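Read off the chains here:
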Amino acid sequence: MTTVELKPPQISTPPTVNPLSCRRTRYIPKNQRRILCVFPQYERSFGTLHHAYPLTGRVRGFMPPQGILVVAAYLPEAWEVRFVDENVRPCTRKDYQWADVVITSGMHIQRERINQINRLAHQEGKITWVGGPSVSGCPEYYPDFDMIHIGELGDATDGMIEHIDNTVERPEQQIRFETQNRLPLDEFPIPAYHLVDINKYFLANVQFSSGCPYACEFCDIPELYGRNPRLKTAQQVLAELDAMLEAGNPGAIYFVDDNFVGNRRAMAELLPALIDWQKRNGYPVQFACEATLNLAQSPKILEMMREAYFCTVFCGIETPDTDALKSISKTQNLSMPILEAVQRLNSYGMEVVSGIIMGLDTDTLETGDRILEFIRLSQIPMLTINLLYALPKTPLWRRLEAEGRLNFEPGRESNVDFLLPYEKVVEMWQRCITTAYAPEFLYERFRYQCEHTYPNRIKVPNSPARVSKDNIRKGLTMLSNILLRVGVLGNYRQTFWQFAKPALKSGNIEALIHVGLVGHHLIKFAQECATGEEAASFYSQKIRRS
Ligand code: SF4
C-alpha cells in the first residue's frame, strides 16, 4: 500500500485557556462518532513484574498507558470513547463492531500485536489509526493501517480527527499525518483516567516532562522527544494526581519522564507542590521516577524528594566500567563514583533500581564477574540486565549499520553483532541474571535496603487515606497470598522465612509485602531465563511462548 501525505488543517480559532479537566481538540465535529481505543498486550519482560500480579489478587497490568489515554481525552467531547487495555481484558469482537474508528498505539515491542489489532478491526470493516512511539520511529512497520500518526499530540491529531469526522470509509491508500506543531505539554488534557480502573494496575503513572538533555548512544529519546525537556505545570500535575486518585489507588505513582531531573529548575518548582499535595491528602502514595545518576549531586532536590515521599529511583547505570560509559556517551554517570552516588540516594530513603546493558563493544569475558561484583557492592536489589539492542533512530543504529553489524537473523536475542562471540555474551548474561536473582543473594540485598535505606524515609502519618478499609483489605490479601504462595508453596521458602520472621516480629509489614512481591517476580523471571523461556533483551526477536 502506498502512502500519501496530507497537510494537517490550519485551525484558525485563537487558543483559549480551557479548564484543566476539559482540554480537547479545538476542532468542532459535525458528526457523531464511536471511537475504540485499544492498547495492545505487551510482551512480558523483566520490568513488567508480571509474576507479582497473582499475589496482589487484583492487578492485571503494569501501568495505565498514558499516551493513548491522553488521545482519548483529547477527542471531541461529543464523541463516544471506549478504552480497552488488552493487558487488563481482551478486546472482543463486539467492541470492534461497536466502533466507527479503531485507534491503537504502542512501542516497538508491541509491533506484532499492534498489526494484529489492525487486522481484527479490518475484519469488521473499521477504519484504523495508529500513533505513538513505535510508528513515529518506524512508520514502515505499519504498512496496512489506514491512517498513521507520526510524532506527538498536535496538528496531526487535529487533522486525523477532522478526517474521521468527515468519513469513516477506509481509504484506498494509507494516509499519513505528521505533527509539525506539537501541542505544548502544559496544554495537554488530563489522561482519560475515568475510562480505567487504576486498581487493576501495579503502579499508576504521571508525566511531568518530555525529552532529555543527554545523548546516550543507544537511546532514541533525544531524537524522538528532543534534548530540551518540555514541561507541564505543577498545577497540571496535581490535577492529574487528583484525577488518578478518583480512579483508584495502587499505592505508588511512577513519574514516567524520560529523565525526571532533565530540568532541575523545574524540579525545584514542582517538588514543593508535590510535598504540599502529599501533606494535604495524607500521603496516599509513594512516588518513583527515572533519573540520571548525577541526581545524587543535588542535595536540595534530594531533600525535597525525600519530603515528597519518593521511595524508588530508576537510574540507567548501564555498566560499572568507566571506559564503557565513555564509549556509549554516558559520561553523566561519571560525575561522581557510581557506588557513592547509589549510597547517597539510599541515604535519602530511595531504593535504586538500575538498568544494566551487556554486549557493549568494550565488554570482555570478565564483564559478567565485574557486574556481579558491582551488584554485591551496590546492594541494589533490582537491576534490569539486558543485552544491547540497537533501536532505529539512535546513534548506535547508525554506527552499527555503517560497520555492517546489524543482524536480523531470526531467533537471535539481539540485532547487534557483538565483538565477543554471540554465544559467549548470551551465556554471560544468563549467568549474571541467574546469579543476581538467586534467592539468597537477592534477599541479602533487600535486607540491606531494610537496614540502610528504608529507615531514611520520612515517617508518614497513619492518615485515613493510608489506613482506609480498602487499603487494609488490599494489604491483607497481598500478605496472605505471599505467606501462602511463597512461604508455604514457594521453592525458596527457607530464604523467605529468614527475612519474613523478623519483619513480622517487628511489624515491618510494608517492607515484607514489597520484598515478597518484587522478589517473587525477580526470582521466577530469572528461573525462566535459566531455562531459556525468557529473553535476554527487552526487544528480543526471539519468539516467546506467549
Ligand atoms: S540519560 Fe536516559 S533518557 Fe537521557 S539519553 Fe541517556 S538513556 Fe536516554
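The notes below deal with the structure included here. In this text the structure is predicted, and so the values were computed from the model without any measurement. Numbering of residues begins from 1 in every chain and follows the order in which that chain's sequence is written. Local features in a predicted model are, by the rule used here, given only for residues with pLDDT of at least 70; side-chain atom pairs are given and counted only at 80 or more, and totals for whole chains, interfaces and linings are based on all residues. Neither water nor hydrogens contribute to the side-chain values; these are computed over all heavy atoms in the structure.

**Here we look at the pairing of strand S12 (residues 286–290)**
Each residue is assigned to one of three classes by its accessible area relative to the maximum for its type, calculated with a 1.4 Å probe on protein chains only: buried under 20%, partly exposed between the two thresholds, exposed over 50%. Counting from the N terminus, the helices are the DSSP runs of H or I reaching at least four residues and the strands are the DSSP runs of E reaching at least two. The buried fraction of S12 is high, at 4 of 5 residues. The pairing of strand S11 (residues 252–255) with S12 spans 4 bridges and is classified as parallel. Its bridge partner lying in S12, Phe255 is registered against Cys289. Whether a crossover is right-handed comes down to one check: with the strands pointing away from the viewer, does the path from the first strand over the helix to the second run clockwise; if it does, it is right-handed. Regarding topology, helix H9 (residues 264–281) serves as the crossover connection from S11 to the parallel S12, and that connection is right-handed. Any two strands with at least two DSSP-identified bridges between them are counted as paired. Note: S12 against strand S13 (residues 310–318), 4 bridges, orientation parallel.

**Concerning the nonpolar core**
Note on terminology: a nonpolar core comprises buried Ala, Val, Leu, Ile, Met, Phe, Trp, Tyr and Cys residues joined through side-chain atoms within 4.5 Å. Ranked by internal contacts, the top residues of the largest apolar core, which has 156 residues, are Leu241, Phe255, Phe260, Leu274 and Phe310. Ranked by residues supplied to this core, first place goes to helix H19 (residues 509–530) with 11 residues. Residues count as neighbours in contact if any of their non-hydrogen atoms are within 4.5 Å of one another. Aside from chain neighbours lying at most four places away, what touches Leu274 is Val237, Leu238, Leu241, Phe255, Phe287, Ala308 and Phe310. Formed by 10 residues, the second largest nonpolar core is a distinct cluster that contains Leu36, Val38, Val84 and Val102.

**As for the side chain of Ser414**
Examined against the element boundaries, Ser414 turns out to sit in the loop between helix H14 (395–402) and helix H15 (422–436). Given a relative accessible area of 0%, Ser414 falls into the buried group. Polar contacts, as used here, are pairs of N or O atoms within 3.5 Å; protein pairs need one atom able to donate a hydrogen and one able to accept it. Residues neighboring in sequence count only if both atoms are side-chain atoms. In this structure the side chain of Ser414 is engaged in a polar contact, spanning 3.0 Å, whose partner is the backbone nitrogen of Val416.

**Quick word on the environment of Asp165**
As for its placement among the helices and strands, Asp165 is situated in helix H6 (residues 155–166). Look at Asp165 and you get buried, because its relative accessible area is 0%. Between the alpha carbons of Asp165 and Val135 there is a distance of 23 Å; along the sequence they are 30 residues apart. Those residues in contact with Asp165 that lie beyond four places of it in its chain are Tyr27, Ile28, Pro29, Lys30, Asn31, Arg33 and Trp79.

**With respect to the packing of helix H17 (residues 469–488) against helix H18 (residues 493–506)**
The angle between the axes and the distance between the axes are what describe a pair of packed helices. One way to put it is that H17 packs onto H18 with a least axis distance of 8 Å and a crossing angle of 135°. Overall, the two elements H17 and H18 adopt an arrangement that is oblique. Here Ile482, Leu483, Val486, Gly487 and Val488 of H17 come into contact with H18, specifically with Arg493, Phe496 and Trp497. Side-chain classes follow a simple rule in which Ala, Val, Leu, Ile, Met, Phe, Trp, Tyr, Cys and Pro form the nonpolar group, Asp, Glu, Lys and Arg form the charged group, and the remainder, Gly included, forms the polar group. Classifying every residue of the contact of H17 with H18 gives 6 nonpolar, 1 polar and 1 charged. Simply put, an axis is a line fit to the C-alpha atoms, just over the touching stretch for a helix, and the angle between two N-to-C directions goes from 0 to 180 degrees. In what follows, roughly perpendicular refers to angles from 65 to 115 degrees, roughly parallel to angles under 35, roughly antiparallel to angles over 145, and oblique to any angle outside these ranges.

**What to know about the packing of helix H16 (residues 439–452) against H18**
Taken N-terminus to C-terminus, the directions of H16 and H18 make an angle of 10°; their axes are 9 Å apart at the nearest point. Relative to H18, the element H16 is oriented roughly parallel. Where H16 approaches H18, its residues Pro439, Glu440, Tyr443, Phe446, Arg447 and Cys450 are matched on the opposing element by Thr495, Phe496, Gln498 and Phe499. For the contact of H16 with H18, a count of residues per class yields 6 nonpolar, 2 polar and 2 charged.

**Description of the pairing of strand S6 (residues 147–150)**
Remember that side chains alternate between the two faces of the sheet whenever the strand is regular. Residues Met147 and His149 of S6 are buried on one face, and the alternating residues Ile148 and Ile150, pointing to the opposite face, are buried as well. Note: S6 against strand S7 (residues 174–178), 4 bridges, orientation parallel. Bridge pairing in S7 links Ile150 to Glu178. Handedness of the crossover joining S6 and S7 through H6 is recorded here as left-handed.

**A closer look at the pattern of salt bridges**
In a structure, side chains of opposite charge can pair up when their charged atoms sit close to one another. One side-chain nitrogen of Lys or Arg within 4 Å of one carboxyl oxygen of Asp or Glu is enough to make a salt bridge. Overall, the coordinates contain 27 salt bridges when judged by the stated rule. Linking Arg93 and Glu124 is a salt bridge whose minimum nitrogen-to-oxygen distance equals 2.7 Å. Remark: Glu124 occurs in the loop between helix H4 (111–123) and strand S5 (127–131) and Arg93 occurs in helix H3 (residues 93–98); sequence separation between them is 31 residues. Residues participating in the shared-partner salt-bridge network are Glu217, Asp361, Arg399, Glu403 and Arg405.

**Considerations on the sheet that holds S12**
Within the open sheet, the 6 strands sit side by side as S8-S11-S12-S13-S14-S15. Their pairing is parallel. Looking along the sheet, the strands with just one partner apiece sit at the ends: strand S8 (204–206) and strand S15 (383–387). Neighbouring strand axes in the sheet, compared pairwise and without regard to direction, differ in orientation by 20° on average. The pairing of S8 with S11 spans 3 bridges and is parallel. Its bridge partner lying in S11, Asn205 is registered against Tyr254.

**Regarding the site of the ligand**
Close to the ligand lie Cys212, Tyr214, Cys216, Phe218, Cys219, Pro222, Asp258, Thr292, Lys330 and Gln332. In terms of residue class, the shell around the ligand is built from 6 nonpolar, 2 polar and 2 charged. Any residue with a heavy atom lying within 4 Å of a molecule or strand is counted as near it.

**Observations regarding the packing of aromatic side chains**
Classification of ring pairs rests on two measures: the distance between centres of Phe, Tyr or Trp rings, Trp counted by its six-membered ring, which must be within 6.5 Å, and the angle between planes, read as stacked under 30 degrees, edge-to-face over 60 and tilted in between. Scanning all chains against the criterion turns up 21 aromatic pairs. Pairing Tyr283 with Tyr309 gives two aromatic rings, centres 6.2 Å apart and planes at 85°, and the pair type is edge-to-face. One end of the pair, Tyr283, is in the loop between H9 and S12; the other, Tyr309, is in the loop between helix H10 (299–307) and S13, and 26 residues separate them in sequence. A relative accessible area of 7% places Tyr283 in the buried class. By relative accessible area, which is 6% here, Tyr309 ends up buried. The structure contains a cluster of three or more aromatic residues connected by ring pairs, namely Tyr443, Phe446, Tyr492, Phe496, Trp497 and Phe499. The ring of Trp98 has Arg82 sitting right over it, with the charged end atom 4.2 Å from the ring centre. Positioned over the ring face of Tyr141 is Arg111, at 3.6 Å from the centre of the ring. Any Lys NZ or Arg CZ found within 6 Å of a ring centre and within 35 degrees of that ring's normal is scored as a charge over the ring.

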